[in-house]
Amino acid sequence: MRPDIFFQTLVNGFFIGGIYALVSVGLTLIYGVMLILNFAHGEFLMLGMYITYGLFTLFGMDPYLSVPIAAIIVFLIGAAIQRGLVQRVLTAHPLNQIVLLLGVSTLMIGLVQFFLTAEARSIHVSYETQVIVLLGLRLSIPRLIAFLASMVISLGLFLFLQYTKTGKAIRAVSQSRDAALLMGVNVKFIYLLTFGIGAAVTAVAGVFLTPNYKMIPTIGQSFSVIAFVVVVLGTMGNFIGAFFGGLIIGVVEVFAGYFLGGDVKIIASMLVFILVLLFKPAGLFGRKSA
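Residues numbered from 1 in each chain as written. Predicted model: local features only at pLDDT ≥ 70, side-chain atom pairs only at ≥ 80, totals over all residues. Heavy atoms only, no water.

A. Expanded view of the overall build of the protein chain. A count of helices and strands for the protein chain gives eleven helices and two strands. Tracing the protein chain from N to C terminus, the helices and strands come up as α-α-α-α-β-β-α-α-α-α-α-α-α. Whereas a compact globule of 290 residues would reach a radius of gyration of roughly 19 Å, the protein chain reaches 19 Å, a difference of no more than 12%. Its C-alpha atoms give the protein chain principal-axis dimensions of about 60 × 50 × 35 Å. (Helix = DSSP H or I, 4+ residues; strand = E, 2+ residues; numbered from the N terminus. Rg over C-alpha atoms; globule rule 2.2 N^0.38 Å.)

Laid out in structure tokens, this is it:
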């Protein structure tokens, strides 16, 4: 493999890995605080894409300008789902939680198919195929924007969790719900806020995919699978682990696609998933139990 091809492939892997990281950060945030696996997570990405499509079709709005609108709408949808449904099963058997969220996923897909049909849709903008050349590497403008935005949003969310009062409350609940209650933290509000933020971040990832991806109602399912792989790879509930895990899986997929063909990318991801479960069940950033 020539060095120029190697570095070009590596860059492409980071670009898609940035999106994986953003989706996975939202998933691991919800799990880390609420200890619930959101099987409807990918559908929030799908909603972000369709909201962007609607704004582009109706008002001619550039996809990137729709980021705050999509984030707010999906935040409210996520918060409503958490308050109306998820909150009721937080203390129930995990199987009940899984069935509920699978039902929510199926309902969201069904509603989109009912109102918008299952026809593939896409957004075409003037810069969708434009590239810039830097140090001999060809960088797709939409993918570069998506990567940089993913880095900025992930960093912003990390700083929010580390240095704001609300972020510290979220981390306190993730460490001990009972201790947070004793310290006067409104745990129910933190749950609602966390679920909404996780959904909104994932929707933003969907917005950044629209210049390069066709959208169908089931598109979120494939990203859900990747997000679960990434979260396990980076250790369940570990924010930093999810971020770097997304980049790793992106690079693995792109190199697997280059050497073995695009159809085996998901196989490579699943192989990484299995190897991690076999040799480091706690994830790359986890510690062995005492």
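B. Focus on the layout of surface pockets. In this structure, the largest pocket occupies an estimated 400 Å³ of space. Lining the largest pocket are 14 residues, with Ile16, Tyr20, Tyr213, Glu253 and Lys265 positioned closest to its centre. When contributions to the lining of the largest pocket are tallied by element, the ones reaching two or more residues are helix H1 (3-34), helix H9 (219-234), helix H10 (239-260) and helix H11 (265-279). With four residues, the single largest contributor to the lining of the largest pocket is H1. When its residues are assigned to classes, the lining of the largest pocket shows eight nonpolar, three polar and three charged. In this structure, the second largest pocket encloses a volume near 230 Å³. (1 Å grid on protein atoms, 1.4 Å probe; cavity = no way out; pocket = protein on both sides within 12 Å on 5 of 7 lines; lining within 4 Å. Points joined across faces, edges and corners; volume = space filled by probe spheres on them. Nonpolar A, V, L, I, M, F, W, Y, C, P; charged D, E, K, R; others polar.)

C. Structural detail: the packing of H1 against H10. At a minimum axis distance of 6 Å, the contact between H1 and H10 shows a crossing angle of 140°. Here H10 runs oblique to H1, going by the angle between their axes. Remark: the crossing between H1 and H10 carries right-handed chirality. (Axes fitted to C-alpha atoms, helices over the stretch in contact; angles between N-to-C directions. Parallel < 35°, antiparallel > 145°, perpendicular 65-115°, else oblique. Left-handed = near helix turned anticlockwise from the far one by under 90°.)

D. Spatial organisation of the packing of aromatic side chains. Applying the stated rule across the entire model yields 14 aromatic pairs. With a centroid separation of 6.5 Å and an interplanar angle of 20°, the aromatic rings of phenylalanine 255 and phenylalanine 259 are classed as stacked. A residue pair is termed a helical-turn pair when its members lie 3 or 4 positions apart in one helix, as phenylalanine 255 and phenylalanine 259 do in helix H10 at four residues. Assessed through its relative accessible area of 52%, phenylalanine 259 is described here as exposed. Taken together, the aromatic side chains of Phe6, Phe7, Phe255, Tyr258 and Phe259 make up a single cluster linked through ring pairs. (Phe/Tyr/Trp six-rings, centres within 6.5 Å; stacked < 30°, edge-to-face > 60°. Buried < 20%, exposed > 50% of the residue type's maximum accessible area, 1.4 Å probe, protein only.)

E. Inspection of the packing of H1 against helix H6 (residues 165-175) at higher detail. Orientation of H1 relative to H6, taken along the N-to-C sense of each, is 60°, at an axis distance of 6 Å. One element, H1, and the other, H6, form an angle in the oblique class. Only Ile170, Val173 and Ser174 of H6 make contact with H1, whose side of the interface consists of Leu29, Gly32 and Val33. Per-class residue counts for the contact of H1 with H6 are four nonpolar, two polar and no charged. (Contact = heavy atoms within 4.5 Å.)

Keep in mind these numbers describe shape, not what the thing actually does.
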